[in-house]
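Residue strings, one per chain:
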Amino acid sequence: MRSPVSTLSLSLIGLVALLVMPWLVTSEYYINIASQIAIAAILALSLNLLVGWGGMISLGHAAYLGVAAYLSIYLTTQAGFGHLTGALIAIGATTGLAMIFGYLALRASGLGFLMITLALGQILWGVAYRWSSLTGGDNGLGGLKRPHPFGLNLMDPTTFYYFVLVFLGIALLCMARFMQSGLGQSLQGTRDQPRRMHALGYNVWLIQWLSFVFAGFWGAVAGLLYAYYNQFVSPQALHLTTSAETLLMVIAGGTGTLLGPVVGAALVVILKNVVSAYITRWLILLGVIFVVIVLFMPEGLVPGARRVLRALKNSPHTDKDADVSSIVRDRTQ
Amino acid sequence: MTISALEVTGLYRYFGGLPAVRDVTMRIPAGERRLLLGPNGAGKTTFFNLIAGDYPPSQGEIRIFGQNVTRKSANQRTHLGMARTYQIITLFPKNTVLHNVVISLVGLRECRFNPWSDLRRQTALWDEARATLVLVGLEHLADQTVMETSYGERRRLEIAMALAQKPKLLLLDEPLAGLSADERQDVQRLLQSIPRDVTIVMIEHDMDVALAFADVITVMQHGQVVVEGSRADVVADPKTREVYLGQ
Amino acid sequence: MNFWIIQGLNGLAFGSLLFILASGFSLIFGLMRIVNLSHGAYFMLGAYVGLSAIEAGVNFWIAILIGGGAICILGTVIERFILRRLTGQPLAQVLVTLGIAFIIADTCVWIWTGDPRPVPMPHELAGAFRISHLAFPIYRLFVIGVAFVLAAALWFLLERSRLGAMIRAGVDDLTMARAMGIRTSLLFSVVFCLGSALAGAGGVLAGPILSVYPGLDTDMLPLALVVVILGGVGSLLGAFVGSLIIGFIYSYGQALFPDLAYMILFLPMVLVLTLRPTGLFGKQAF
Amino acid sequence: MLCFRILLSTTVLATLALAPAQAAEPLKVGFMTVRSGALAAGGRQMEEGLKLCMDEHHGEMAGRKIDLITADTAGQPAVAKTKVQELVERDGAQVLIGPLAAFEALAIDDYIRQTKTPIISPSAAAEDLTQRKLNPWFVRAVGTSAQAHHPLGEYAAKDLHYKKIAIIADDFAFGHEIAASFQRTFEENGGKIVQKLWSPLNTAEYGTYITQIDPDVDAVFAAFAGGNGIKFLSEYKNYGMQKPVLGAMTTVDEGILKRMGSEAVGVISSGWYSAAIDTPANKKFVEAVRKAYGADPGYYTVGAYMACQFLNNALEQVKGDISNKEAFMKALRNVNIPESPYGPVKLDKYGQPILDITIRKVEKKDGRLQNVVIKTYPAVSQFWTYGADQFLKSPVYSRDWTPAK
């Protein structure tokens, strides 16, 4: 059993670290990277809702990121809406899209679900690419100015970082509540024993659908922040690789955990943006890291690290052989 | 005229052209204890699944407390006061015993759609679950995970999860299967303690226990009802012997 | 009229390519329940290996064998040392095959520089076949032939051979197959090798039409998935019919509805899956 | 943060310091290329072209050492955005060269304006970058999509006397712009575009499209980018098609021409560069590229090479002092290179080079395929003969510019 105290203290340390981060790093560049991680983390958290707690592996989660981003930019720069209206419509419409997509995708389960989400994602990508009068085609849409909510200057990287961090905080809180809520518990039940849940009076489809829509909503929030961050959106945001990367974040970090997707997001964003400056073949490294994670920490980085820590704690003489053997023992259980 | 707890008319179910249940008609008055007998493959569990709503019948009609539920899904039927246990135990093994009962309780409550309120803080729910565990004599295991419990204890938990929903119609699929003699007695006692107004339909192979328990017995074979009647009638009926000995 | 004939042939040819790609994927998924997301990368790597063989002076036909053989070896190694440790963990397998796909894709850019490269076709199959006004490339007719022969061979292998009997037993019920004394471990390796080899050889075979370039893997993988899902998983007939249907949809669809060109393959899939979640020929849901 | 301050303060100091004092310090040039993913081939050619130019100058321009920092955008707009921040904020790049794709350039457009960082585009040809979305900090070292293909339309009608042409083009902005520009001049000179086929960028096979081509046309204009030209031309031949093919500059670019066979022979195209341009400057350049990399230079190689020469030219004008960014930008827009692989180059007031456009024909010469020059249109503006004002009044070329008749 994980000890709640150490999780809490670790989270607190993490929170403090996140808050003071802008004072520690040497360049605005890293603050921007942190903002990107936070946005990716929100998207990964929302996908984790489906993958981790619902057992629904989606390969089309970029849909919500992309659609919300396209809508918010289109509405504010082309259709003449204000920032707030644009944002609300974008999130509302994207959530509505999730309702439709959920309706279609939940007709199947397992691999069928995965394929429908992938196909729907590809269709959206195609629309974004082809409908160039509206989406700008491959050139994408740009020209979005970041809003000034409550007089905050979001053009300042540090302010923007805190802005995003607030959303990440709310997302984490919502996810934590969700996990322990009636709906969250029901969703986890439908993942493990759908038939049983049916017999216990749960409308499995409805519970999965509601969760799907909830995940879509948070995907839309991530998309909105993505649009504000990049001030630009192109079909790449809707592409299969974006969905796949998000799925990788979730699985690598640890499905069904709160911090897993955040760690996974950090890993992928850092590899892609920072490490690539030093290692030309960073994609190979990314691949190798995933393979290694799966082989040696199959439950993901966060639960895996917990396990290793526990193993370290449990062995009174921290000599290396003992650690290894306890890890091995854990694995074989 | 009293309303039947369960009324089945002309029920059929085919699997790829093969009938698993054929023309079953059955009427179970409220409060009755009904036993379903029959050799393996007689269609008893399929019949159960049809009543529970796991899959739709190919033909026929099912009514629960007078309401036609033929086209209703399993969860809707549960909300009409039906509960069931499974032949092969399907619990949530990583959760605690108490948690399992809570999941069962939440199934009938609105909070199953609530994405915000913390289930752990709804003490009424947990108290009620604990009370159910007391009823089945599992309160001492409340905080253990299901994985840590014995087979017999899980059987009882199965029943507890069904009882927690305070059903008016309870479907028990071989509640005694695979239990030791002691455990059997525990479960038997538990079954006997269920209030009389609960209608129980039970599949069971253990004749002694089952016969002692049931008011009316239905014997099925090849998906059909062969004999139906009181204990004495059924035991005396030559067709019963044929089913059990003559195959 | 000519339009329908020529686009029909185009669809048939493209469907044939898809079948060669998807049959291995379907085989592996059917028996081992592994969604091998590196299948597209195998296809691309096979094409690159075959290309290098041809450039080293090897005959085209031998190059197909080399491409298939190399990917068979690679696939077997991956199956033995990585996938085998993850039996029964579909999520882990998805992640690991995706990771391997990244590695292969970037390694290809590394080794073969990322220039788009056509695979030269054998001279005897170059040019077009003509009947009155219609002209159609001989090589495509040949690919159609290969697909039908391959389908027949696979059918024979699965339905008539001892290996096939073992595979079918494994697809139906793995525990049962084990109980019957089938060495499933060896069987898995053989099937994974075969499936990978089909991808690798298919890559070389498709090379003269598709050419090889970075991104070929991600272009082709969704197509393989679409075919398998549409046809139904683990069904050879499904993969075959699914491929041809997709081929026809692709050719007629792009010609008739150019505005839908980007989605033409995914719309029918969504339609089929929402109406019939098991695919057209699958017996079971996924 | 600390580093950032130091960086800031050095900039401030540099602004105050006199030019000679600054000359000692290396100039940081950020270079955005693509090393992974589908565009990696172009990225590599850009790197080669840039390296060649840097080597030519021995890593020094106008007396200042050039500190080149390279970043891989992976061909993704969002990554390009991060990379430009990395180059500017973290590494302190003062001038940028890159990125490869137009959608990357557009993705970082706002950022360039905000940070006022001079940027030289070595390949992105999107019209509006130097037209309707003019960015004061942006200068292009290559032609625009339409710049190279207005002449081809006229040539097809006037010199080749084609009357009816079918267009097949990649379905993305680059393809749309090329197709529309060709159509415009072709039709203005009496020709007629009877069919327009748009194939998705990731089209697996072109059979479906080739067989749709109207059999009554005089020629086919095929506008492809990346490797699609290879696929299209070889399949075109395999389908037994006889109609002559006109190509866009990138359809038969030297970067992929080296991978083609007989199917490419005879394709007539136009462009602001051909490795076969017969001038001393280009011969020297081609020699050097062939010696270093064993292949003819193409679109990306020469684009990056020229971007680097632009930088050199501008730096020499300001004597290596770029502390006054406005002055440096002015110099950059004032670039005048009388002899280059392109031919003579100078910029219009939009930051777009005025270039000699050549009509070329693929021929096999010296054992390799070459874009042999058959006609030169000297000093072609991005606005062709229309004049900037009139040209900019109409919307940017798009897929729906004028329907086929």
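Residues numbered from 1 in each chain as written. Chains lettered and ligands numbered in written order. Predicted model: local features only at pLDDT ≥ 70, side-chain atom pairs only at ≥ 80, totals over all residues. Heavy atoms only, no water.

### Thoughts on the overall build of chain C
Along the backbone of chain C there are 11 helices and two strands. Counting from the amino terminus, helix and strand elements in chain C follow one another as α-α-α-α-β-β-α-α-α-α-α-α-α. Computed over its C-alpha atoms, the radius of gyration of chain C comes to 19 Å, within 12% of the 19 Å expected for a compact globule of 286 residues. Taken over the C-alpha atoms alone, chain C extends approximately 60 × 50 × 35 Å along its principal axes. For chain C, buried positions account for 63% of its 286 residues. Here chain C has roughly 10500 Å² of accessible surface; of this, 71% comes from carbon and sulfur atoms. (Helix = DSSP H or I, 4+ residues; strand = E, 2+ residues; numbered from the N terminus. Rg over C-alpha atoms; globule rule 2.2 N^0.38 Å. Buried < 20%, exposed > 50% of the residue type's maximum accessible area, 1.4 Å probe, protein only. Areas by Shrake-Rupley, 256 points an atom, 1.4 Å probe, with all protein chains shown as cover.)

### Some words on the overall build of chain D
Across its full length, chain D holds 15 helices and 15 strands. The C-alpha radius of gyration computed for chain D amounts to 21 Å, which stays within 12% of the reference 22 Å derived for 405 residues, consistent with globular compactness. In terms of principal-axis extent, the alpha carbons of chain D reach across some 70 × 45 × 35 Å. Counting all 405 residues of chain D, 65% fall into the buried class. Considering only contacts within chain D whose residues lie at least 6 apart along the sequence, 68% involve residues at least 24 apart. Surface accessibility of chain D: about 13700 Å² in total, with carbon and sulfur atoms responsible for 55%. Averaging the positions of the 45 positive and the 44 negative side-chain charges in chain D gives two centres separated by 1 Å. (Contact = heavy atoms within 4.5 Å. Lys, Arg positive; Asp, Glu negative; His and termini not counted. Charge placed at Lys NZ, Arg CZ, Asp CG, Glu CD.)

### Describing the environment of P353(D)
Among the secondary structure elements, P353(D) is positioned in strand 14 (residues 353-365). Sequence separation between P353(D) and K163(D) is 190 residues, and the spatial gap between their C-alpha atoms is 31 Å.

### Focus: the domain arrangement of chain D
Residues and elements named next belong to chain D. On domain assignment, one finds that chain D holds domain 1 (24-144 + 280-354) and domain 2 (150-277 + 356-393). Distance from the C-alpha centre of domain 1 to the C-alpha centre of domain 2: 26 Å. Facing the 29 residues of domain 1 at the interface are 26 residues of domain 2. Around 2300 Å² of area is buried between domain 1 and domain 2 when both sides are counted, 54% of it from carbon and sulfur atoms. (Domains from an automatic or database assignment. Buried area = accessible area lost by both parts, 1.4 Å probe.)

### Side note on the arrangement of the chains
The interface with the highest contact count, out of four pairs of chains in contact, is the one between chains A and C. Separated without contact, chain B and chain C have their nearest C-alpha atoms at a distance of 11 Å.

### As for the pairing of strand 4 (residues 59-64) of chain B
Residues and elements named next belong to chain B. Inspection of the sheet shows strand 1 (residues 4-15) paired to strand 4 by five bridges, in the antiparallel sense. Within strand 4, the residue paired with T9 across the bridge is E61. With two bridges connecting them, strand 4 and strand 5 (residues 67-68) associate as antiparallel partners. Across the sheet, R63 pairs through a bridge with N68, a residue of strand 5. Between strand 4 and strand 5, which follow one another and run antiparallel, lie two residues, and F65 among them has a positive phi close to 50 degrees. (Pairing = 2+ DSSP bridges.)

### A few points about the sheet that holds strand 2 (residues 60-61) of chain D
Remark on secondary structure: sheet strands pair via backbone hydrogen bonds, oriented parallel or antiparallel. Residues and elements named next belong to chain D. On the basis of which strands lie adjacent, the open sheet formed by six strands has the order 2-3-1-4-5-6 and mixed pairing. Looking along the sheet, the strands with just one partner apiece sit at the ends: strand 2 and strand 6 (138-140). By the bridge criterion, two bridges tie strand 2 to strand 3 (residues 64-72) in an arrangement that is antiparallel. Pairing of M61 across the sheet is with R64, part of strand 3. On the sheet, helix 3 (residues 40-56) packs against strand 1 (27-33), strand 2, strand 3 and strand 4 (95-97) and is oriented at approximately 155 degrees with respect to strand 1. (Axes fitted to C-alpha atoms, helices over the stretch in contact; angles between N-to-C directions.)

### Focus: unusual backbone geometry
Cis geometry is adopted by the peptide bond preceding P99(D), which originates at G98(D) and carries an omega value of -15 degrees. By the secondary structure assignment, P99(D) is in the loop between strand 4 and helix 5 (102-107). Residues other than glycine seldom take positive phi values, yet F65(B) does so here, at roughly 50 degrees. In this fold, F65(B) is placed in the loop between strand 4 and strand 5. Relative accessible area serves as the criterion here: at 22%, F65(B) is assigned to the partly exposed category.

### Some thoughts on the pairing of strand 3 of chain D
All names here are of chain D. When strand 1 meets strand 3, the two strands line up parallel, connected through seven bridges. Its bridge partner lying in strand 3, L27 is registered against I66. Following strand 2, the chain reverses through two residues before pairing antiparallel with strand 3; A62 in that reversal takes a positive phi of roughly 50 degrees.

### Quick word on the interface of chain A and chain D
Across the contact, 38 residues belong to chain A and 33 residues belong to chain D. The interface formed by chain A and chain D contains one salt bridge. For R130(A), the salt bridge goes to D171(D), with nearest N and O atoms at 2.4 Å. Applying the counting rule to chain A against chain D returns 20 residue pairs in polar contact (both at pLDDT 80 or more). At the level of elements, helix 2 (28-53), helix 5 (111-130), helix 10 (204-230), helix 12 (259-274) and helix 13 (282-296) of chain A are the ones that each hand at least two residues to the side of chain A that touches chain D. Ranked by residues supplied to the side of chain A that touches chain D, first place goes to helix 2 of chain A with six residues. The residue makeup of the side of chain A that touches chain D, split by class, is 18 nonpolar, 14 polar and six charged. (Salt bridge = Lys/Arg side-chain N within 4 Å of Asp/Glu carboxyl O. Polar contact = N/O pair within 3.5 Å; in protein donor to acceptor, adjacent residues only side chain to side chain. Nonpolar A, V, L, I, M, F, W, Y, C, P; charged D, E, K, R; others polar.)

### Focus: the sheet that holds strand 2 (residues 18-29) of chain B
Residue and element names in this part refer to chain B. Strands sit in the order 2-1-4-5 across an open sheet of four strands; the sheet is antiparallel. If you trace the sheet from one side to the other, it starts and ends with strand 2 and strand 5, each paired once. Sheet strands touched by helix 1 (residues 44-52): strand 1, strand 2 and strand 4. Its angle to strand 1, the strand with the most contacts, is close to 120 degrees.

### Examining the interface of chain A and chain C
Often, the extent of an interface is quoted as the loss of accessible area upon association of its parts. On the side of chain C, 39 residues touch chain A, which itself brings 42 residues to the contact. With both chains or domains summed, chain A and chain C bury close to 3700 Å², and 82% of this area falls on carbon and sulfur atoms. By the criterion of area lost to chain C, the three top residues of chain A are L111(A), R130(A) and R281(A), representing 17% of everything that side buries. The interface formed by chain A and chain C contains two salt bridges. For R281(A), the salt bridge is made with D106(C), and the minimal N-O distance between the two is 3.0 Å. At the junction of chain A with chain C, the criterion picks out four residue pairs in polar contact (both at pLDDT 80 or more). Contributions of two or more residues to the side of chain A that touches chain C are made by helix 5, helix 11 (240-253) and helix 13 of chain A. A per-element tally of the side of chain A that touches chain C places helix 5 of chain A first, with 14 residues.

### Notes on the side chain of E245(A)
Residues and elements named next belong to chain A. Within the fold, E245 resides in helix 11. A relative accessible area of 12% means that E245 is categorised as buried. Setting aside residues no more than four positions away along its own chain, E245 makes contact with V268 and K272.

### Looking at the confidence of the model for chain D
All names here are of chain D. Per-chain confidence: chain D averages 90 in pLDDT, with 94% of residues scoring 70 or above. Residue range residues 1-23 is modelled with pLDDT below 50. Its contacts to residues more than four positions away, or to other chains, number 24 contacts. Both scores are available for the predicted complex, with the pTM at 0.89 and the ipTM at 0.88. (pLDDT = per-residue confidence, 0-100.)

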